[in-house]
Amino acid sequence: LSRNRMANAKYLRDAIKGIKHSDGRPKFVMLDAGDSGCLSVVAACLNPELGLPYDDIDLQHHMLQNHWYVSGYKMNLHDPRDEETKPLFHDAPPNQTMFRVVVKANVTRAIMENLVKSFKSVVEELDALGPGFSSMHHPKKAKTGHKGHAC
C-alpha cells in the first residue's frame, strides 16, 4: 500500500511539474520533499514569478467544481499580540498561498489520472478568465469585508 501511495504521489508530482505557463515557464513550484520524501503528500504553489491574477485558494475553489478537494492555504498567521498578519516562513511573503494533496492508500491510478486531468482543466479555465478573473474575484472579497478570500 505504501508503495502505491508513493507511486501515485510521484505520478501527480510529475504531472504538476509538467504543467507550463504559455511562456514555457513552470506553472507550479514544488514545495514538498519530492520522490525521496517519506510522505505521500504533494505540496506546491502557483509560480509567484508569473504574476497570475489568481492564487492557490482560487485553484482550490475551482478544483472543488470538479469534485476534488485540494487543500489551499495562505502562508501567514494573524498575530493576536499586535493584530498584524505575518509570514509563516522567512522566504515567502505573507500573501503567498500553497496547496497540498494527500495521496491515500485507496487511490488508484485511474483516479490519479482524473485528478491530473482536473488540474489541467482548472488551470486552463483560470488562465482563460485572465484579468477578468480579478474583477470577478475582488467584489466577493469586498462584499464579505475580508481582506482575504470569501470562504
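In case you missed it, the structure is sitting above this.
Residues numbered from 1 in each chain as written. Predicted model: local features only at pLDDT ≥ 70, side-chain atom pairs only at ≥ 80, totals over all residues. Heavy atoms only, no water.

*Asks:* Tell me what's going on with unusual backbone geometry, and back it up with residues and numbers.
*Replies:* One non-glycine residue, His67, adopts positive backbone phi at about 70°. In this structure, His67 sits in the loop between helix H2 (56–65) and strand E3 (71–74). The backbone of Glu83 sits at a positive phi, close to 60°, despite the residue not being glycine. Residue position: Glu83 is located in the loop between strand E4 (76–79) and strand E5 (84–87). Taking the relative accessible area as the measure of exposure, Glu83 reaches 54% and is therefore exposed. (Helix = DSSP H or I, 4+ residues; strand = E, 2+ residues; numbered from the N terminus. Buried < 20%, exposed > 50% of the residue type's maximum accessible area, 1.4 Å probe, protein only.)

*Asks:* So what's going on with H2? Which residues, and what values?
*Replies:* Most of H2 sits inside the fold, with seven of its 10 residues counted as buried. By the burial criterion, the buried members of H2 are Asp56, Ile57, Asp58, Leu59, Gln60, His62 and Met63. Backbone nitrogen of Ile57 and a side-chain oxygen of the N-cap are separated by 3.0 Å at the start of H2; the cap is Asp55. Looking one or two residues past H2, His67 carries a phi angle of roughly 70°, positive in sign. (Polar contact = N/O pair within 3.5 Å; in protein donor to acceptor, adjacent residues only side chain to side chain.)

*Asks:* Can you explain the environment of Arg3? Please cite residues and give values.
*Replies:* Here Arg3 is to be found in helix H1 (residues 2–18). Separated by 37 residues in sequence, Arg3 and Ser40 have C-alpha atoms that sit 9.4 Å apart.

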